[in-house]
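Topology and contacts: notes
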Amino acid sequence: MGEIDEAELLSAGQRGAVLDGVADGGKRIVQAAVLRRCCHELKDQIDARGLRLTNAVVTGGLDLTGLVVPFPLRFDGCEFDTAPVVEGAQLFDLALTGSPRLPGLLGNGLRVRRDLDLSRSHIAGAHWTSASTSKRAAVWLCESEIGGRLLCLDTFLDGQGDRALQADRIRVGGAVRLLNEFHSRGEIRLIGARISGTLDLSGAQIDAPGGPALNLEDAVLEGSMFLIESSAERRLEIRGGVAMGSVRIAGRLLVRNATIDSPADAPRFSTRGRPGTVGAAIDASGLSAGGEVILAEQCEVSGRIDMSISAVSNVSVGAGCVLRAPGRTALDLTNSEVRADLWLDPDAVVEGTIRLAGAVIHGTLALRGQLSQPERRSVVGATALTVDGDVALEGLRTDGGRVNFRGATLGSLAADGARLHNPGGYSVSLNQARVKGSVRLVDGFTSTGLVVLNRSVIEGRLELSRGSFTCPGPGYHNVHGHAIEAISANVRGGMYLGWQTVSPSVDFTEASTTFLADDPATWPPSFTIAGLTYGRFERPQGAPPKPIWDQAARCAWLSRQTQFDSGPYEQAARVFRQHGYASEAEQILMAERRHARRVDQADAAWPRRAAAALYAAIGYGYRPLRVLWALAVLLLLVTGSLELPAGQATLRATNGSGSVYSTSGLLVGPGPASGGPARLDSCGDGEVRCFSPVLYAIDTVVPLISLDQRSTWYPDPHVSGGRLMLWWLNLATLLGWVLSSIFVLSLTRLSRST
């Protein structure tokens, strides 16, 4: 078995034939110098089909540095003693396929007119070049240009502890295909690459535990990027993470049936990233994608997916996908722009936090999966998020963290059937958020924790129908232990508060809305509604028929305030009166005074309690007719006491001459008649005003009315019963003044209320 000499090789090249090096069951040897001579001095004699050599052993160093080779070079099944050197060479086509022993390839600055094919080869080596002073690599293709495709189908690359492939700033006119049984031990580095076709890693396996396993920072892909399976048995596996900072993809990024892993303690591998990307499985900060970013089927990503400051068309995490970053950020879209939708499938699982702070989503935000084990208390951190479309949280399940939309601007929010569990803090927060549509926490929605709506503006409706809101008790982030807190919230489309259960309390202080659709009996045992304003009452959605304008139910509702406040009573009375229920409004206002009396008079002295009882007896000023009845009774009592002979016997009158008269006639007078018997005359022969019990009672009881009865007739304290009559009449005068004043004040209050 002899060597392949120059004549034999040249003969095959002139005919464009394939030269098979197999002889006597072994591989024949060809000297690298012979190959170089055919590519240099004898290149004009080679057919356009090129040199095609199979199953040979190339000995010596094949050095084609700087050569211009106008024909294809194809080595199939050949072995090499040393790594071929093609730096700065200009080749028509280069194929090193099926090589069982290829110590590497040094091709910095290489120009290949068509394809560079390394398929099915076993490449193992670690070489230094001037392109890097820190790491070695098995294959070097920095600043190279490939007019066609870069093919590595079923290729095995081993960087022997360093990089497997370093191709910084490579330009590829076609696709880059590292697929099927492709396996790399070491980093695949394509920083700043320009790829006119797709980047396809179907079924690839890349192991670089120190990270990154695949480095594409600043690359430009005019096609799509596929990180998918090659068959049902061959998943894509990347151990060590993917660096894609500032990558531009004209098409879509598809990750399907892939396992991407970056150890949590891995050092950060991006020279431009933020400290937060330590341990990132996919570092794609600044990514620009013209198409969709899709994680589909059985994807398993362990570590952070960083897509902050990105601009993409659509982002979706499909059924069966698992994103694992417990206690850290799982998916980061901070300050990113999504031109269409962001979608999390109901069967997707995220362990860690989804960060959307400052992001802009022009379509729909749909989060319907299972979220748990957050970083810093938020399973969804979406402060200052802007969503032009709807926020769909139907069926979302969370555990141990809050869904935080603080300061966000949303089209609408629907969380039908969602189950949010965060007993120690907020379950969902819309603090200072603006919602252009409605907020629906309905139909099986369950919150364990605090729902925060403080200072939010909801231009549609707030719907809590058939929802369940509970809080186990006060905590560090919920000191009052409320289930719902809507302080200063502004709901312009009305509140539907037909919740199924709510416990232990809610706070709607200073909230405002157009109408309140609720059942007063279903409110929690205690609540705060000071400053709550609304325009009318409505029946809750799906509630059984009940009277809407039931003042008794409203009074019972208002009496259960955590702390008495008169404002809610007055607000309810105002609404009743505005809709034609004046009598019911007065009942509510009287209930307010009764409540205030219970609060204020608990430790009051008896005079104050007596005055309060009198005030209550006359309906707290809202029943002035009761005062008139009291005045009438007082008049009857005074009149009756003056009709009695014993009462009249105490009365005296004196004229200008000093004569003293009783109701029966003259008692003491000047002249001879003073000692004679008195005549029965209540007018004193016209010397004094005639006595009338009725007029005397009116003159005594009713103030500001003078009938000259009381000024003429007075009780004589020196006669039997006179002192008692004097006290009785003075008391009647005092009571008359009090009752009359209350009557006038009641009329004034009623007129002002009307």
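Cut-offs and rules
- Residues numbered from 1 in each chain as written.
- Predicted model: local features only at pLDDT ≥ 70, side-chain atom pairs only at ≥ 80, totals over all residues.
- Heavy atoms only, no water.
- Helix = DSSP H or I, 4+ residues; strand = E, 2+ residues; numbered from the N terminus.
- Rg over C-alpha atoms; globule rule 2.2 N^0.38 Å.
- Buried < 20%, exposed > 50% of the residue type's maximum accessible area, 1.4 Å probe, protein only.
- Contact = heavy atoms within 4.5 Å.
- Areas by Shrake-Rupley, 256 points an atom, 1.4 Å probe, with all protein chains shown as cover.
- Lys, Arg positive; Asp, Glu negative; His and termini not counted.
- Charge placed at Lys NZ, Arg CZ, Asp CG, Glu CD.
- Expected span 1.5 Å × (residues − 1).
- Phe/Tyr/Trp six-rings, centres within 6.5 Å; stacked < 30°, edge-to-face > 60°.
- Lys NZ or Arg CZ within 6 Å of the ring centre and 35° of its normal.
- Pairing = 2+ DSSP bridges.
- pLDDT = per-residue confidence, 0-100.
- Core = buried A, V, L, I, M, F, W, Y, C linked by side-chain atoms within 4.5 Å.
- Polar contact = N/O pair within 3.5 Å; in protein donor to acceptor, adjacent residues only side chain to side chain.

Our focus in this paragraph is the overall build of the protein. Counting its regular elements, the protein contains ten helices and 74 strands. A compact globule built from 754 residues should have a C-alpha radius of gyration of about 27 Å, whereas the protein, at 49 Å, is more than 25% larger. In terms of its C-alpha atoms, the protein occupies a principal-axis envelope of roughly 185 × 45 × 35 Å. When the 754 residues of the protein are sorted by exposure, 55% land in the buried category. Of the contacts made within the protein by residues no fewer than 6 positions apart, 56% connect residues no fewer than 24 positions apart. As presented, the protein carries roughly 30300 Å² of accessible surface, and 53% of it is formed by carbon and sulfur atoms. Charged side chains of the protein number 74 positive and 76 negative; the gap between the two group centres comes to 6 Å.

So, about helix 4 (residues 566–578). Between its first and last C-alpha, helix 4 extends 18 Å over 13 residues, near the 18 Å set by a 1.5 Å rise per residue. Along helix 4, the residues classified as buried are Pro568, Tyr569, Gln571, Ala572, Ala573, Val575 and Phe576. At the exit of helix 4 stands Gly580, carrying a positive phi of roughly 90°.

Further remarks concern unusual backbone geometry. The omega torsion of the bond from Gly211 to Pro212 falls at -10°, within 30 degrees of zero and hence cis. Here Pro212 is to be found in the loop between strand 25 (205–207) and strand 26 (214–215). One non-glycine residue with positive phi stands out, namely Glu143, at about 55°. Mapped onto the elements, Glu143 comes out in the loop between strand 14 (132–140) and strand 15 (145–146). Its relative accessible area of 33% is what places Glu143 among the partly exposed residues.

The next thing to look at is the packing of aromatic side chains. Tallied over the entire structure, the rule returns 17 aromatic pairs. Relative to Phe80, the ring of Phe75 has its centre 5.7 Å away and its plane inclined at 70°; by these criteria the two rings are edge-to-face. Phe80 matches Phe75 in its accessibility class, with the two residues each being buried. When the centroid spacing of 6.2 Å and the interplanar angle of 75° are considered together, the rings of Phe576 and Tyr581 count as edge-to-face. Note on Phe576: relative accessible area 0%, which makes it buried. Note on Tyr581: relative accessible area 27%, which makes it partly exposed. Chaining the aromatic ring pairs together yields one cluster made of Trp499, Phe508, Trp523, Phe527 and Trp557. The cationic tip of Arg554 hangs over the ring face of Trp557; the distance from NZ or CZ to the ring centre is 4.9 Å.

Here four strands make up an open sheet; going across it, the order is 73-72-71-74 and the pairing antiparallel. Single-partner strands in this sheet number two, and they are strand 73 (665–668) and strand 74 (714–715). Strand direction decides the pairing type here: strand 71 (residues 651–654) and strand 72 (residues 660–662), joined by two bridges, are antiparallel. Its bridge partner lying in strand 72, Ala653 is registered against Tyr661.

On to the confidence of the model for the protein. Considering every residue of the protein, the mean pLDDT works out to 90; 91% of them sit at 70 or more. Between residues 271–276, whose pLDDT stays under 50, and residues either more than four places distant or in other chains, the model counts eleven contacts. This model gives residues 671–679 a pLDDT under 50, and the stretch forms seven contacts once residues within four places in sequence are excluded.

Within the largest apolar cluster, 172 residues are counted, with the highest numbers of intra-cluster contacts made by Met244, Ile260, Leu385, Phe405 and Phe508. Leave out the neighbours within four places in its chain, and Phe508 touches Ile484, Ala486, Met495, Leu497, Trp499, Trp523, Thr528, Ile529, Ala530 and Leu532.

Attention now moves to the environment of Arg652. Take Arg652: it is sitting in strand 71. Here the alpha-carbon distance between Arg652 and Ser372, two residues 280 residues apart in the chain, equals 96 Å. A polar side-chain atom of Arg652 sits 2.8 Å from the main-chain carbonyl oxygen of Ala649.

Structurally, Val338 is set in strand 42 (residues 337–338). The exposure class of Val338 is buried, given its relative accessible area of 2%. For the pair Val338 and Phe445, spaced 107 residues apart in sequence, the C-alpha separation works out to 28 Å. With sequence-adjacent residues up to four places away left out, Val338 is seen in contact with Val312, Ser313, Asn314, Val315, Val360, Ile361 and His362.

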